[in-house]
Amino acid sequence: MEYRCPVCHKTFQAPGEKPVERTPFFPFCCERCKLIDLGAWLDAEYRITSEPESGESEESPEDVRDDSEEE
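Computed from a prediction, not measured in an experiment: that's the story for all the values here. Each chain carries its own residue numbering, running from 1 in the direction its sequence is written. In keeping with the model being predicted, local features are shown solely for residues with a pLDDT of at least 70 and side-chain atom pairs are shown and tallied solely at 80 or more, while totals for entire chains, interfaces and linings include all residues. Excluding hydrogens and water, the side-chain values take into account all heavy atoms of the structure.

Chemist: If you had to explain the overall build of the chain to someone new, which residues and values would you point to?
Modeler: Numbering of helices and strands runs from the N terminus; a helix is a DSSP stretch of H or I covering at least four residues, while a strand is a stretch of E covering at least two. Per the secondary structure count, the chain includes two helices and two strands. Starting at the N terminus and walking to the C terminus, you meet the elements of the chain as β-β-α-α. In the chain, the proportion of contacts linking residues at least 24 apart, taken out of those at least 6 apart, comes to 12%. Every residue pair with non-hydrogen atoms within 4.5 Å of one another is taken to be in contact.

Chemist: Summarise the packing of aromatic side chains; cite the residues concerned and give the values.
Modeler: Aromatic rings from Phe, Tyr and Trp, with only the six-membered ring used for Trp, were paired whenever their centres fell within 6.5 Å, and each pair was classed as stacked if the ring planes differed by under 30 degrees, edge-to-face if by over 60, and tilted otherwise. The tally for this structure, following the rule as stated, stands at three aromatic pairs. Between tyrosine 3 and phenylalanine 12, the aromatic rings sit 6.0 Å apart at their centres with planes inclined by 35 degrees, giving tilted as the arrangement. Measuring from ring centre to ring centre gives 5.0 Å for tyrosine 3 and phenylalanine 26, while their planes differ by 80 degrees; the resulting arrangement is edge-to-face. Of this pair, tyrosine 3 sits in strand 1 (residues 2-4) while phenylalanine 26 is found in the loop between helix 1 (19-22) and helix 2 (31-42), placing the two residues 23 residues apart along the sequence.

Chemist: Account for the nonpolar core, naming residues and giving values.
Modeler: Counting residues in each nonpolar core, the largest one holds seven residues, listed as Tyr3, Cys5, Phe12, Ala14, Phe28, Cys29 and Cys33. Excluding anything up to four places from it in sequence, phenylalanine 12 contacts Met1, Glu2, Tyr3, Arg4, Cys5, Thr23, Phe26, Pro27, Phe28 and Cys29. Here, nonpolar core refers to any group of buried Ala, Val, Leu, Ile, Met, Phe, Trp, Tyr and Cys residues whose side-chain atoms link them within 4.5 Å. Burial classes follow relative accessibility: with a 1.4 Å probe on protein chains only, a residue under 20% of its type's maximum area counts as buried, one over 50% as exposed, and anything between as partly exposed.

Chemist: So what's going on with the side chain of aspartate 37? Residues and values would help.
Modeler: Residue position: aspartate 37 is located in helix 2. Nearest to the buried, unbridged aspartate 37 among oppositely charged side chains is lysine 34, at 9.3 Å. Two residue types count as positive, namely Lys and Arg, and two as negative, namely Asp and Glu; His and chain ends fall outside the count. The term salt bridge refers to a side-chain nitrogen of Lys or Arg lying within 4 Å of a carboxyl oxygen of Asp or Glu.

In structure tokens form, the structure reads like this:
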């Protein structure tokens, strides 16, 4: 079966049915690409962004007063 490396986009052949049998670096083509991807995660180059839900406020917890503490 033919796969494409998510880092270098090189196409490579990987025998076997299970990912472990395909290659020790799957889904990467080699150890170098695997380490490049790991480094990107560790350097926070990959980010999962989301927008606040409509019900969430943009105030920080310090800005929100607790009325029960007022006496």
